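# Understanding the architecture of this molecule
Next come the chains, spelled out residue by residue.
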Amino acid sequence: MAISPTMMLNANYPFFMSAFGSDDNNDESDNQFDFNISRELLLNPKDIMRGEMIGEGGNSIVYKGRLKNIVPVAVKIVQPGKTSAVSIQDKQQFQKEVLVLSSMKHENIVRFVGACIEPQLMIVTELVRGGTLQRFMLNSRPSPLDLKVSLSFALDISRAMEYLHSKGIIHRDLNPRNVLVTGDMKHVKLADFGLAREKTLGGMTCEAGTYRWMAPEVCSREPLRIGEKKHYDQKIDVYSFALIFWSLLTNKTPFSEIPSISIPYFVNQGKRPSLSNIPDEVVPILECCWAADSKTRLEFKDITISLESLLKRFCSERSNNEITITEDEAYDDEIEELETTWLLPKRYIKLKKPKKIKQNVMKKILPFFKKFISSKW
Ligand SMILES: Nc1ncnc2c1ncn2[C@@H]1O[C@H](COP(=O)(O)OP(=O)(O)OP(=O)(O)O)[C@@H](O)[C@H]1O
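Residues numbered from 1 in each chain as written. Predicted model: local features only at pLDDT ≥ 70, side-chain atom pairs only at ≥ 80, totals over all residues.

## Side note on the overall build of the protein
From N to C terminus, the protein includes 13 helices and 9 strands. Intrachain contacts of the protein at a sequence separation of at least 6 include 70% that bridge at least 24 residues. (Helix = DSSP H or I, 4+ residues; strand = E, 2+ residues; numbered from the N terminus. Contact = placed C-beta atoms within 7 Å.)

Below, the structure written as structure tokens:
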């Protein structure tokens, strides 16, 4: 592989943390940038076959492809054109995305395969065949999604975000365009780490993300003093998650009635999507996640627990309704019992009643809601 003299490829990660610690070093005084990307993360561009285009981002074009003519992959070409023509800022962003993505290993996060620096900046990941969550929802309109699908997609996102935050990374651009649906349409995976940043103690200080899904503390349009920066933390992702969750439940776009540019104003005035037609058990989760005060928003580990229990509840309610067991099937299920209870006539077998799930399960399983609930009612 051709290596330009400006590249400094390290065998390990000596500068790994500093590489995505600095947030806004926009020194464009010259276009020279020393890449600090481990050699093991780099692919030979000759091994990558590019096929049809499957997506487009603000800064990139994504193609279907094959690695070594065998493995199906997605090939994201950042700033299509020669690497030398790419701005230093885009090179920095590319490197940050490579370093973040390559450090992730989670079933709900798009798997990193490798990257190329020459002749173009490329990020190669597993190919996720079901398209974006945005497209999936649009295709299902005007019908709402099945509740089980909404909950299970929300749970996948929450698990991925729990993992991301446990690694000290904030996504900053969580929205349905950055969530991909698997080919079997059963799961979703998080993609696009172009804006992801390492959490720092003092909080983050750069505007990022897409207005519609953006937390009020990030998109506030109040004027800043010269040199003053906005401060926020990982809870901005929790707010964005809440809007995606609402969207999954309603199959609507949040704030569709407001022009995009005015959304920050209304969100900072406390406007949130309507909660009518949202299942009662879900309302406190949404309210906790999109609270104006970021400190009162839930952590993803709590969201995961609550979604797991909701999903269990709704699935078992559904299966209780849907599954009708014939006498013969009942016999099969209880055959052991029959063998020991020989006194009973063969066909006189009672099925155990399915466990009834208590109505107040949310309050019992999710003690963290108590504080919120008591302060509201
Ligand atoms: N691994 C993948 N498998 C399938 N499709 C993908 C994959 N990665 C990206 N895409 C498609 O390409 C589109 C753009 O990708 P991505 O969001 O990573 O680009 P971006 O330039 O960072 O976009 P943005 O402007 O949102 O930051 C996605 O919306 C999706 O349709």
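## Section: the pairing of strand 2 (residues 60-67)
In terms of strand pairing, strand 1 (residues 48-56) meets strand 2 through 6 bridges, oriented antiparallel. Paired with M53 across the two strands is Y63, which belongs to strand 2. What sits between the antiparallel neighbours strand 1 and strand 2 is a turn of 3 residues. Here strand 2 runs beside strand 3 (residues 71-78); their pairing, made up of 8 bridges, is antiparallel. (Pairing = 2+ DSSP bridges.)

## With respect to the site of the ligand
In the region of the ligand, 22 residues are neighbours, and G55, G57, G58, V62 and A74 sit closest. Looking at the shell around the ligand, the elements that each hand over two or more residues are strand 1, strand 2, strand 3 and strand 5 (121-126). The leading source of residues in the shell around the ligand is strand 1, at 3 residues. Tallied by class, the residues present in the shell around the ligand amount to 8 nonpolar, 9 polar and 5 charged. Looking at which domains feed residues into the shell around the ligand, each of domain 1 (39-126) and domain 2 (133-321) gives three or more. (Near = placed C-beta within 6 Å. Nonpolar A, V, L, I, M, F, W, Y, C, P; charged D, E, K, R; others polar. Domains from an automatic or database assignment.)

## So, the UniProt feature "binding site: ATP" (unreviewed entry) in the protein
Mapped onto this numbering, the UniProt entry annotates "binding site: ATP" (unreviewed entry) at K76. Setting aside its immediate chain neighbours within four residues, K76 contacts S60, V62, M122 and I123. (UniProt positions renumbered as here; feature names shortened; annotations may be inferred.)

## A word on the domain arrangement of the protein
One frequent convention defines the size of an interface as the accessible area lost when the parts assemble. Under the domain assignment, the protein is made up of domain 1 (39-126), domain 2 (133-321) and domain 3 (327-376). Counting residues at the interface gives 10 residues for domain 1, matched by 16 residues for domain 2. Looking at side-chain class alone, the side of domain 1 that touches domain 2 contains 4 nonpolar, 5 polar and 1 charged residues.

## A look at the sheet that holds strand 5
Taken in spatial order, the 5 strands line up as 1-2-3-5-4 in an open sheet, and their pairing is antiparallel. At either margin of the open sheet sits one strand with a lone partner, and together these are strand 1 and strand 4 (112-116). Ignoring strand direction, the axes of neighbouring strands in this sheet form an average angle of 25 degrees. Bridge analysis of strand 4 against strand 5 gives 4 bridges, and the strand direction is antiparallel. Bridge assignment links C116 to a residue of strand 5, and that residue is M122. Helix-sheet contacts for helix 2 (residues 88-102) involve strand 3, strand 4 and strand 5, and the interaxial angle to strand 5 is about 25 degrees. (Axes fitted to C-alpha atoms, helices over the stretch in contact; angles between N-to-C directions.)

## Thoughts on the confidence of the model for the protein
Low pLDDT marks regions whose predicted coordinates should not be analysed in detail. In this model, the protein carries a mean pLDDT of 77, and residues with pLDDT of at least 70 account for 68%. With pLDDT under 50 throughout, residues 200-208 is counted as low confidence; its partners more than four residues away or in other chains account for 21 contacts. Residue range residues 321-365 is modelled with pLDDT below 50. Its contacts to residues more than four positions away, or to other chains, number 19 contacts. (pLDDT = per-residue confidence, 0-100.)

## Things to note about helix 3 (residues 133-140)
If you check which residues of helix 3 are buried, you get L133, F136 and M137. All buried residues of helix 3 lie within an arc of 95 degrees about the axis, which places them on one face of the element. Buried-residue contacts for helix 3 involve helix 4 (147-166), strand 7 (179-181), strand 8 (188-190) and helix 6 (235-250). (Buried ≥ 20, exposed ≤ 12 C-beta atoms within 10 Å, placed from the backbone. Arc of directions from axis to C-beta.)

## With respect to the packing of helix 4 against helix 6
Two elements in contact, helix 4 and helix 6, have axes whose closest approach is 9 Å; the angle formed by their N-to-C orientations is 165 degrees. Relative to helix 6, the element helix 4 lies roughly antiparallel. In this structure, the crossing between helix 4 and helix 6 has a hand that is right-handed. Contact with helix 4, carried on its side by S150, F153, A154, I157, S158 and M161, involves D237, F241, I244, F245, L248 and L249 of helix 6 and no other residues of that element. The class makeup of the residues in the contact of helix 4 with helix 6 is 9 nonpolar, 2 polar and 1 charged. (Parallel < 35°, antiparallel > 145°, perpendicular 65-115°, else oblique. Left-handed = near helix turned anticlockwise from the far one by under 90°.)

## Let's talk about the pairing of strand 4
Both faces of the sheet carry side chains from a regular strand, because those side chains alternate between them. Within strand 4, 4 of the 5 residues are buried, which leaves the element mostly enclosed by the surrounding structure. Linking two consecutive strands that pair antiparallel, namely strand 4 and strand 5, is a turn of 4 residues.

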